[in-house]
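Report on the structure
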Amino acid sequence: MTLESQYKTLPKLLKVSEVADFTCTHERTVRRWIRDGRLRAVEAPQGVRIHRRALWRFLGLDLELSA
(Lines give C-alpha, C1' and ligand atoms only; values in the text may rest on other atoms or scores of the structure.)
Protein backbone atom coordinates (compact mmCIF):
# COMPACT_ATOMS: atom_id res chain seq x y z
CA MET A 1 0.00 0.00 0.00
CA THR A 2 1.44 3.36 -1.00
CA LEU A 3 1.55 6.42 1.24
CA GLU A 4 -0.94 8.19 -0.97
CA SER A 5 -3.44 5.34 -0.77
CA GLN A 6 -2.99 5.14 3.01
CA TYR A 7 -3.62 8.86 3.25
CA LYS A 8 -6.77 8.66 1.15
CA THR A 9 -8.22 5.75 3.16
CA LEU A 10 -7.96 7.66 6.45
CA PRO A 11 -11.01 9.66 7.55
CA LYS A 12 -10.56 13.43 7.21
CA LEU A 13 -10.90 13.89 10.97
CA LEU A 14 -9.33 11.28 13.21
CA LYS A 15 -10.08 10.48 16.83
CA VAL A 16 -7.22 10.45 19.32
CA SER A 17 -7.58 6.67 19.56
CA GLU A 18 -7.27 6.32 15.77
CA VAL A 19 -4.09 8.40 15.73
CA ALA A 20 -2.71 6.31 18.59
CA ASP A 21 -3.45 3.10 16.68
CA PHE A 22 -1.95 4.47 13.45
CA THR A 23 1.25 5.62 15.19
CA CYS A 24 1.44 2.57 17.50
CA THR A 25 1.44 4.78 20.59
CA HIS A 26 -0.81 5.30 23.59
CA GLU A 27 -3.66 7.82 23.59
CA ARG A 28 -1.88 9.71 26.40
CA THR A 29 1.10 10.19 24.09
CA VAL A 30 -1.11 11.64 21.36
CA ARG A 31 -2.78 13.97 23.86
CA ARG A 32 0.69 15.08 25.04
CA TRP A 33 1.69 15.86 21.44
CA ILE A 34 -1.46 17.98 21.13
CA ARG A 35 -0.92 19.72 24.48
CA ASP A 36 2.73 20.47 23.61
CA GLY A 37 1.65 22.00 20.30
CA ARG A 38 3.48 19.43 18.19
CA LEU A 39 0.27 17.97 16.70
CA ARG A 40 -2.56 20.29 15.70
CA ALA A 41 -6.06 19.29 16.75
CA VAL A 42 -9.53 20.81 16.85
CA GLU A 43 -12.21 20.59 19.48
CA ALA A 44 -15.34 19.16 17.89
CA PRO A 45 -18.71 18.51 19.58
CA GLN A 46 -17.80 14.81 19.62
CA GLY A 47 -14.37 15.45 21.19
CA VAL A 48 -10.84 16.21 20.05
CA ARG A 49 -10.18 15.50 16.37
CA ILE A 50 -6.98 15.56 14.32
CA HIS A 51 -7.10 16.36 10.62
CA ARG A 52 -5.34 13.70 8.57
CA ARG A 53 -3.21 16.39 6.90
CA ALA A 54 -1.98 17.54 10.35
CA LEU A 55 -1.05 13.96 11.19
CA TRP A 56 0.84 13.59 7.92
CA ARG A 57 2.74 16.83 8.60
CA PHE A 58 3.53 15.71 12.14
CA LEU A 59 4.95 12.44 10.80
CA GLY A 60 7.04 14.30 8.24
CA LEU A 61 5.18 12.73 5.34
CA ASP A 62 3.63 15.93 3.97
CA LEU A 63 6.39 16.31 1.41
CA GLU A 64 5.66 12.83 0.06
CA LEU A 65 2.17 13.86 -1.01
CA SER A 66 3.31 16.94 -2.88
CA ALA A 67 6.02 15.10 -4.84
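Here the structure is a predicted model, which is why all the values come from computation and not from measurement.

Parameters at a glance
- Residues numbered from 1 in each chain as written.
- Predicted model: local features only at pLDDT ≥ 70, side-chain atom pairs only at ≥ 80, totals over all residues.
- Heavy atoms only, no water.
- Helix = DSSP H or I, 4+ residues; strand = E, 2+ residues; numbered from the N terminus.
- Rg over C-alpha atoms; globule rule 2.2 N^0.38 Å.
- Buried < 20%, exposed > 50% of the residue type's maximum accessible area, 1.4 Å probe, protein only.
- Contact = heavy atoms within 4.5 Å.
- Areas by Shrake-Rupley, 256 points an atom, 1.4 Å probe, with all protein chains shown as cover.
- Lys, Arg positive; Asp, Glu negative; His and termini not counted.
- Charge placed at Lys NZ, Arg CZ, Asp CG, Glu CD.

Quick look at the overall build of the protein chain
- Scanning the protein chain from terminus to terminus reveals five helices and three strands.
- Taken over C-alpha atoms, the radius of gyration comes to 12 Å for the protein chain, in line with the 11 Å a tight globule of 67 residues would show.
- The principal-axis extent of the C-alpha atoms belonging to the protein chain is close to 30 × 20 × 20 Å.
- Put simply, the protein chain has 67 residues, and 28% of those count as buried.
- Residue pairs at least 24 apart in sequence account for 50% of intrachain contacts in the protein chain once pairs closer than 6 positions are excluded.
- Accessible surface for the protein chain amounts to roughly 4,800 Å². Of this, 50% is attributable to carbon and sulfur atoms.
- Here the protein chain contributes 13 positive and 8 negative side-chain charges, whose respective centroids are spaced 4 Å apart.

Examining unusual backbone geometry
- Of note in this structure, C24 is not a glycine but carries a positive phi near 55°.
- For C24, a relative accessible area of 71% puts it in the exposed group.

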